[in-house]
Amino acid sequence: PKPAREPRQRHRVIIRNLAFSCDAAALRAAVGPHAQVLDVHMPKRPDGKHPGFAFVEVPSAEASEAVVSALNEQKVCGRIVAADVAQNRTAYQKEHSAASAAAPSAPSTAASEEEEDGEEAEDAGG
């Protein structure tokens, strides 16, 4: 029997407000000058289009911070994007449920719903 492997820690950046014309190659080109790109995940809707956000996996926490610093509020594929370090789904849901409890009248945002539906961070570490 093989010994159980520890899950690999993943360092992912979520990039929101992407133009629908943006693809994985364009994201690799935008992130590449700032960090090595290990993977690009663009969730798809049933119609085959991406919902305006994507995840870029990089090798380290330092690399993810470098990407966020370089790309947040900058143009990618012709649109100003928002870049943040992605959280794993459990941490994201816990944080947002705590925020909802603290401010019950706060409306939910479409971006949050899309991120949860789009596997915001299937396994992201952080």
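For clarity, every value in this text was computed on a predicted model and none was experimentally measured.

Each value, and the rule that gives it
Residues numbered from 1 in each chain as written. Predicted model: local features only at pLDDT ≥ 70, side-chain atom pairs only at ≥ 80, totals over all residues. Heavy atoms only, no water. Helix = DSSP H or I, 4+ residues; strand = E, 2+ residues; numbered from the N terminus. Buried < 20%, exposed > 50% of the residue type's maximum accessible area, 1.4 Å probe, protein only. Contact = heavy atoms within 4.5 Å. Areas by Shrake-Rupley, 256 points an atom, 1.4 Å probe, with all protein chains shown as cover. Arc of directions from axis to C-beta. Pairing = 2+ DSSP bridges. Axes fitted to C-alpha atoms, helices over the stretch in contact; angles between N-to-C directions.

(A) The overall build of the protein, seen in detail. Helix and strand counts for the protein come out as four helices and six strands. Looking at the protein as a whole, 35% of its 126 residues qualify as buried. A fraction of 67% describes how many contacts in the protein between residues 6 or more apart in sequence connect residues 24 or more apart. Of the accessible surface of the protein, which amounts to about 7600 Å², a share of 51% is contributed by carbon and sulfur atoms.

(B) Helix H1 (residues 24-31), seen in detail. All of the buried residues in H1 are Leu-27, Ala-30 and Val-31. Buried residues of H1 fall within an arc of 90° about the axis and therefore sit on the same side. What points out from H1, more than 90 degrees from its buried face, is the exposed set Ala-25 and Ala-29. Where H1 is buried, its residues contact strand E1 (11-16), strand E2 (39-41), strand E3 (53-58), helix H2 (61-71) and strand E4 (75-76).

(C) Looking closely at the sheet that holds E1. With antiparallel pairing, four strands are arranged side by side in an open sheet as E2-E3-E1-E6. Single-partner strands in this sheet number two, and they are E2 and strand E6 (82-85). The mean inter-strand angle of the sheet, taken between neighbouring strand axes irrespective of direction, is 20°. Packed on one face of the sheet, H2 meets E1, E3 and E6 and runs near 160° to E6.

So yeah, pure geometry; function would need other evidence.
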